[in-house]
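Residues per chain are reported as follows:
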Amino acid sequence: MSDGRYDAGADEKMLGGGKAPAVPPLTEETTCGVGCIRGQFLQRFANKKAYVFLYGLLGCIFSAAYSYFNGIITTLEKRYRIPSKTMGIITVGNDISTLFVSVVLSYYAGKGHRPRWIAVGIYTVVLFCLMNALPHLLYGPGNDALSLTKEYGGSYLDMNTTLDVLDRHNRQMLCQTSEVGVKCDSNEGNFAPQALFFLAQLISGIGGSLYYTLGVSYMDDNIKRSKTPALVSFSYFIRMLGPAIGYALASLCLKFYISPTLTPKITNQDPRWLGAWWAGWLLLAAIMFVFASLLGLFPKTLPRAAVRKAQERSKGQEQKREAEMPASLSDMIKTFKRLISNPTLMCNNFAAIFYFLGYMPYWIFMPKYIEIMYKQSASSASLITGTVGLVFSACGILISGLVITKFKPRARPLALWNVIVGAISVVGLISYAFLGCPTKEPKGVILQLNSNQPCNEECHCDYVKYSPVCANGESFISPCHAGCRNYQLLSNGSKIFTDCSCVQNMTSETGAPLPAIATPGPCPIDCTTKFYIFLAVVCLLKFSGATGRASNFLVSVRCVDEDDKPVAIGFGMMLMSMFAFIPSPIFFGYIIDTTCLVWGKTCSGTGNCWLYNGEALRYILNFTAAGLVIVGTLFDLGVWFYVKDLKIFDEE
């Protein structure tokens, strides 16, 4: 076992006359552990399989943390009265920090002990988890939540109060003849928790940039080039399980009351219920801390990789290579100039930017898109997009990695495949524009826009939220707009709205008067065939897009010098944040808002959009996205042109 000092004859011993020994002598750079935490037991894990598995597992928990945040957003908005627009600003905090620190950190950390730097980066994500839980420790569950417990608000299970709250909630959607019961939507809350959440997101961007830039470059440097595609794809596959774990954990935590030591008087069906949103952060922080600490024990260079490099030096393959420059500002500037003047890298980066720009609205707004276009419920839309995306993307990544590993294609076929994937994407996005249900403007929209209609002019519907109802084949944007003054709960748990003044004058084809009732939800439209075609196209695009990830990664790391890999990846992340991740939600949010037919109202002015023009949204969104992907495909053609002499595998 090495005592921590470098063995001057280690290179010659490793060479062994041109043959690598079964167990190569160890140096400090190839020994697992840190300080006094070393030993033969740890050294057994100093191999590529252990690293890839642990790196993928860490990425799985890392991505689970972000999906967990998304899963508890509605609870955070209720507890701290955070407006949705403010929450949107909070969630881009990590992209902002990535924009400013990814390149500099990847340059300096890339020249050091990369596994330890990755561990430090994940420690900042651990801090992100703890800071997200901090508002609960500082402010507690809140007076409203405490008043709903036996310990603070009474000793009985207040089901009657729950029913009263549900009744008031239901009546807020009804036609109110006076403004006494009409309430506008006010979302003003404490600024301090919002600042903590935003600061936590800023800090997490540091860890994310170190994890992605250093992790894959370390993997590529320490694995034989012929094995890289399969192992990189495997690590991607493990990471893709993270979002499902995060959402499942959020669902589990929110089933417990916000203060688990107290006994709530209400059930989780009550609108006032606040779940234990903070508990998951502590679990995620603990797991990430353990996994990050284990990853930090990996050596600077894996032993087998050190043997290969020593053999290459003995064969004169690195004689022309200059001595590694120490980290300095002048060298960093030279590195950036090399990267910017690399046409293959820049074409690859800009291709990725335009692909991300084109696909971003579907990642962010796909559940809403399915709700609007195909009249599916919110829960069904989320379930469909989650399961479909995970299964087909995972299959695409694994299959492409195995195919590339087995057949070892050259650089041009790999780049050409990305062009083909881009072409498939363009055709698929354009087909979205023609796959939509027939849209019929709800009658409630006409009644709201034209205030001269007598049936609901005294209902005070300005602050009623969008909650569509169906009455005899006609859709209204809310029970209030249908003039409904009452509701009735049926024995099966469903409800109907009654005394609907805008429905009273409706007659059947025979002239008989129809009942003045309405049912929750828009009127059903037979759109099954187009919806299934849409899902088939989604599956195809998910699969084809995933098959291009391994080839894109190989081109990006092979077209730069080995010492420039971490900086090149960090530089790419900076460009993505600057031109894709930060501006795209704003850009496509504006495009989607231009197709809004009816806006809601809040105390401070305009609220969320109630109803969209489905046909206009379908054309504007999909053709804009397709145009951006076309530009990305043209840059992929540039990559194909420049990689003709690029060496991907050692066997070439």
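These numbers were taken from a predicted model, which means no experiment stands behind them.

### A short note on the packing of helix H7 (residues 114-139) against helix H14 (residues 279-295)
For the pair H7 and H14, the least separation of the axes is 9 Å and the interaxial angle reads 170 degrees. Considered as vectors, H7 and H14 are oriented roughly antiparallel to each other. In this structure, H7 uses Pro115, Ile118, Ala119, Ile122, Tyr123, Val125, Val126, Phe128, Cys129, Leu130, Asn132 and Ala133 to contact H14, whose residues at the interface are Trp281, Leu282, Leu284, Ala285, Met288, Phe289, Ala292, Ser293 and Leu295. For the contact of H7 with H14, the per-class residue count stands at 19 nonpolar, two polar and no charged.

### Focus: the state of the cysteines
Within this structure, the stated rule accounts for two disulfides. There is a disulfide in this structure between Cys175 and Cys459, and the S-S distance comes to 1.9 Å. Handedness of the Cys175-Cys459 disulfide follows from its S-S torsion of about -85 degrees: it is left-handed. Of this pair, Cys175 sits in the loop between helix H10 (159-171) and helix H11 (191-221) while Cys459 sits in the loop between helix H20 (443-449) and strand E1 (469-471), placing them 284 residues apart in sequence. For Cys459, a relative accessible area of 1% corresponds to the buried category. Between the sulfur atoms of Cys484 and its disulfide partner Cys500 the distance amounts to 2.0 Å.

### A word on the environment of Gln194
Inspection of the secondary structure puts Gln194 in helix H11. The class for Gln194 is buried, based on a relative accessible area of 11%. With 118 residues separating them along the chain, Gln194 and Leu76 place their C-alpha atoms 9.6 Å apart.

### Some details on the sheet that holds E1
Here three strands make up an open sheet; going across it, the order is E2-E1-E5 and the pairing antiparallel. The open sheet has two edge strands with one neighbour each: strand E2 (474-476) and strand E5 (519-520). Sheet topology note: the E1/E5 ladder contains two bridges and is antiparallel. The partner of Val469 across the bridge, within E5, is Pro520.

### Brief notes about the confidence of the model for the chain
A low pLDDT score tells you not to read the predicted coordinates there in detail. Averaged over every residue, the pLDDT of the chain is 81; the share at 70 or more is 82%. Highest mean pLDDT in the chain belongs to H14 (96); lowest belongs to helix H1 (residues 10-15) (39). Across residues 1-23, confidence stays below pLDDT 50; counting only partners more than four residues off in sequence or on other chains, it has 33 contacts. This stretch, residues 444-452, has a pLDDT under 50; its non-local contacts, to residues over four places away or in other chains, come to 21 contacts.

### Overview of a positive patch on the surface
Together, Lys49, Lys224, Lys227, Lys406 and Lys408 make up a positively charged patch on the protein surface. Counting through the fold element by element, Lys224 comes out in the loop between H11 and helix H12 (228-239).

Conventions we followed
Residues numbered from 1 in each chain as written. Predicted model: local features only at pLDDT ≥ 70, side-chain atom pairs only at ≥ 80, totals over all residues. Heavy atoms only, no water. Axes fitted to C-alpha atoms, helices over the stretch in contact; angles between N-to-C directions. Helix = DSSP H or I, 4+ residues; strand = E, 2+ residues; numbered from the N terminus. Parallel < 35°, antiparallel > 145°, perpendicular 65-115°, else oblique. Contact = heavy atoms within 4.5 Å. Nonpolar A, V, L, I, M, F, W, Y, C, P; charged D, E, K, R; others polar. Disulfide = S-S within 2.5 Å. Buried < 20%, exposed > 50% of the residue type's maximum accessible area, 1.4 Å probe, protein only. Pairing = 2+ DSSP bridges. pLDDT = per-residue confidence, 0-100. Patch = residues over 30% accessible without salt bridge, like charges linked within 9 Å, V, L, I, M, F, W, Y side chains within 5 Å. Areas by Shrake-Rupley, 256 points an atom, 1.4 Å probe, with all protein chains shown as cover. Salt bridge = Lys/Arg side-chain N within 4 Å of Asp/Glu carboxyl O. Lys, Arg positive; Asp, Glu negative; His and termini not counted. Charge placed at Lys NZ, Arg CZ, Asp CG, Glu CD.

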